[in-house]
Amino acid sequence: MSAKLPIGIFDSGIGGLTVASAIHKVLPHEELVYFGDTAHLPYGDKSPEAIKYFSLKIAQFLLDKQCKMIVIACNTASSLAYHDLVEFIGDKIPVLNVIDPIVDFVAAEKQLKHVGVIGTKATINSDLYAKKLQLARPGIEVKSLATPLLAPMIEEGFFSNTISKTVINSYLSSQKLKNIDSLILACTHYPLIQAEIEEFYHEKVTIINSAAIVAQSVHKKLTELHLLNKFGAKKHQFFVSDYTSSFEKSTKLFFGEKIHLKLKNIWS
């Protein structure tokens, strides 16, 4: 397999752009093929069967684009469809999720003992973070809270304003998150409101943003497989299953230039 082939990344919408941007910063010579399933967002309130179906169809699309790796830049899909994707793809190319790198990171940070997790209903209901963290480091306390309004709020561009502050403060004031020393943003949309979350906690709680950690994991995996592209500037490709103006604005926010979005119906 050639190191010059692109990295495939997918999410239900703009959230995965936080991961794509972090990968671009760590690996500036890699070409990215991004698929935002905006026709079906948010994934968090969909059934496990639907999420697996969407994920498998997108994975096939990325395989057809000759991607050398697939990054599931969505916690919900990582929770419910990762093993199905690995089984479907086999040993063709590596598949990375956004959960395992975070679990490894938190498990290694021994000072973090009371960990909060916020994410979609599907991610929290899977209880995967708690199970994996307690397996990796027995005795760690994990407190989880579903925050279903956050992803659609962010998709609509409502962040850094009074509306987002009210919703965020309401969620973070929950008794379920009382006395935590760290908070995992278990949705790739949430880094877009990280500053507001940090403001709520007055920097007394460590906020764990998955994007940078996942990017380092991608770098490590490509290095191990001798698939790291070290030369040349690459032109990224962005596909969406339904056009949204907020997605186009967000690509410019993350990549510093207007990105041409390609509308792609992979369902028929």
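Residues numbered from 1 in each chain as written. Predicted model: local features only at pLDDT ≥ 70, side-chain atom pairs only at ≥ 80, totals over all residues. Heavy atoms only, no water.

Chemist: Which residues make up the packing of helix H4 (residues 100-108) against helix H10 (residues 210-224), and what values go with them?
Modeler: It is at 9 Å that the axes of H4 and H10 come closest, and there the two elements cross at 100°. Our classification of the angle between H4 and H10 gives roughly perpendicular. Where H4 abuts H10, its residues Pro101, Ile102 and Phe105 lie against Ser210, Ile213, Val214 and Ser217. (Axes fitted to C-alpha atoms, helices over the stretch in contact; angles between N-to-C directions. Helix = DSSP H or I, 4+ residues; strand = E, 2+ residues; numbered from the N terminus. Parallel < 35°, antiparallel > 145°, perpendicular 65-115°, else oblique. Contact = heavy atoms within 4.5 Å.)

Chemist: Before we move on, can you summarise the sheet that holds strand S7 (residues 182-186) with the specific residues and values?
Modeler: What the four strands build is an open sheet, ordered S6-S5-S7-S8; its pairing is parallel. The open sheet is flanked by strand S6 (141-146) and strand S8 (206-208), the only strands paired with a single partner. The sheet shows a mean angle of 20° between the axes of neighbouring strands, direction not considered. As paired elements, strand S5 (residues 114-119) and S7 share five bridges and run parallel to each other. Paired with Gly116 across the bridge in S7 is Leu183. Against the sheet, H4 contacts S5, S7 and S8, and its axis sits at roughly 155° relative to S8. (Pairing = 2+ DSSP bridges.)

Chemist: Can you tell me about the nonpolar core, naming the residues and giving the values?
Modeler: One recurring pattern in soluble globular proteins is that nonpolar side chains are buried together. Within the largest apolar cluster, 52 residues are counted, with the highest numbers of intra-cluster contacts made by Ile7, Ile23, Leu183, Ile197 and Val218. For Val218, the residues in contact, after removing those within four places along its chain, are Ile7, Ile23, Leu27, Met69, Val71 and Leu96. Counting 27 residues, the second largest nonpolar core, distinct from the first, contains Ile51, Phe54, Ala59 and Leu85. (Core = buried A, V, L, I, M, F, W, Y, C linked by side-chain atoms within 4.5 Å. Buried < 20%, exposed > 50% of the residue type's maximum accessible area, 1.4 Å probe, protein only.)

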